[in-house]
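# Observations on chain architecture
Spelled out, the chains give:
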Amino acid sequence: MISCDFDYYRPTSLIQALQLHQDLSSQGKNPIYYSGGTEIITMARGNQMTTGAVIDVKGIPECNVHEISDGKLFIGATVTLNQIEEANYFPLLSKTSRGIADHTSRNHITLGGNICGKIKYREAILPFLLSDSQVKIVALNGEKTVSLQSVFDGMLQLHQGELLTQIITEDQYLTLPFVSLRKVKQVYIDYPLMTVAALKKNQQIRAAFSGICEFPFRSNRIEDALNNTNAAIENRIEHALSQLPAPILNDQQGSAQYRQFVLRNTLYETFQALEEYK
Amino acid sequence: MIATKHAFNLLLNGEQKEVYARGSDTLLNVLRGQLGLTGAKPACENGDCDACTVLVAGKPMKSCLILAQEMANCAVTTIEGLHNTPMQQAFIQKGAVQCGYCTPAFILNSHALVTLHPDASDEFIDDWLASNLCRCTSYQEIKEAVKAVLAGEFVQA
């Protein structure tokens, strides 16, 4: 049972949602956008968050788009992870998102919810970081379509009242060679130790990581190390391990030392999968 | 502050029901507390065990992770809405029940699986069934029940 009370709203257009957010904010309701709801309900039940109102955006057509059009893949923020897997327009995304939670949860969890959530893994962002995707963000003062990289710094940088509506990926990225490796310490259904997603474009490996640090990331320094063909694979991997953007997580899922050990092996696996290493 | 309840319609097990819920009431709470449908079980209430599974538009969902008001005008099926389905027969015949607490949820998930994916592979079955926990560890019998229904060993009574 959720101990706090909040009001539930289900707008059917973007302008309704944005206006609601502004009105409820001015009433001191501290509204939040709501999509799949798994994290919000879980946190509210545990008294880890409070709000006076949730604005369910699942009824907004722009957030439900899921199609390839004009050479680009458009995925709305309220498309569920199972819908993504079933349509399978972007196999790297399907494979990566299939590692999130369990099958029934993936009927709830949406792309926007996972990417904008508080959980440190947020694996669904990885394929988009690798594919130079764009995000469409709306606010009362207008709409912008910008590169994901420009608004992602550990997490999506959204201002008060802004709403992520879509992620857009050029179709050239949908068929590139890829690998997505999810490592768990014990059982299949568990929070992962880490997820490594990689693809190969123009003979260069791009790699993005979740579960290594407090936030998912893609790092130019790591990619430079991995693609340094003047060095042996072993040295490239060791150099990459020295370029992590933040301390390695050290928690009940795994110690920092264990994570580093697994990451090293997973990078070998990545090279093997992308046919860089036998 | 006194919570405000809102009235809305729910298409529950094929019947229109008018229900009243706060914005923060979960579907699980409303099903059990207001409608008296106790087949959906509270256990972890955290999305981990799936003992509260219901079908929404034919897909398995965790009723502890759905706000009741989200379901306005949606078709919800609980275990009380299934009658002598092949999956229910298979669970009995294959002994896929021990204490029974998780059974309604497993049946609903399995029923959705065979309905939506009549050609499901072993790996596919495992992926679906991994959502639900059974502390009596009846997993093998449950999987046998699913495979028996897929093989056509049971028909709607």
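Refer to the structure above for everything that follows.
Read on for a plain summary of the structure. (Residues numbered from 1 in each chain as written. Chains lettered and ligands numbered in written order. Predicted model: local features only at pLDDT ≥ 70, side-chain atom pairs only at ≥ 80, totals over all residues. Heavy atoms only, no water.)

It is worth spelling out the layout of surface pockets at this point. Put simply, the second largest pocket is a space of about 500 Å³. In terms of lining, the second largest pocket is formed by 23 residues, of which the most central are A:Lys58, A:Thr80, A:Asn107, B:Val56 and B:Met61. Within the residue set of the lining of the second largest pocket, elements represented by two or more residues are helix H3 (81–87) and helix H5 (105–108) of chain A together with strand S4 (59–62) of chain B. Each residue belonging to the lining of the second largest pocket can be placed in one class, and the counts come to 8 nonpolar, 11 polar and 4 charged. (1 Å grid on protein atoms, 1.4 Å probe; cavity = no way out; pocket = protein on both sides within 12 Å on 5 of 7 lines; lining within 4 Å. Points joined across faces, edges and corners; volume = space filled by probe spheres on them. Helix = DSSP H or I, 4+ residues; strand = E, 2+ residues; numbered from the N terminus. Nonpolar A, V, L, I, M, F, W, Y, C, P; charged D, E, K, R; others polar.)

Contacts between chain B and chain A engage 27 residues on the former and 29 residues on the latter. Together, B:Leu65, B:Glu70 and B:Asp127 form the three largest contributors to the area buried by chain B at its contact with chain A, with a combined 24%. At the junction of chain B with chain A, the criterion picks out 5 salt bridges. Counting the contacts that link chain B with chain A gives 19 residue pairs in polar contact (both at pLDDT 80 or more). When residues of the side of chain B that touches chain A are assigned to their parent elements, the largest contribution, 4 residues, is made by S4(B). (Contact = heavy atoms within 4.5 Å. Buried area = accessible area lost by both parts, 1.4 Å probe. Salt bridge = Lys/Arg side-chain N within 4 Å of Asp/Glu carboxyl O. Polar contact = N/O pair within 3.5 Å; in protein donor to acceptor, adjacent residues only side chain to side chain.)

What follows concerns the pairing of strand S6 (residues 134–139) of chain A. Residues and elements named next belong to chain A. In terms of residue burial, S6 counts as a mostly covered element, since 5 of its 6 residues are buried. Summarising the sheet, S6 and strand S7 (residues 142–147) pair through 6 bridges and their orientation is antiparallel. In the sheet register, Gln134 faces S7, and the bridge partner there is Ser147. Hairpin connection between S6 and S7: a loop of 2 residues separates the two successive antiparallel strands. (Buried < 20%, exposed > 50% of the residue type's maximum accessible area, 1.4 Å probe, protein only. Pairing = 2+ DSSP bridges.)

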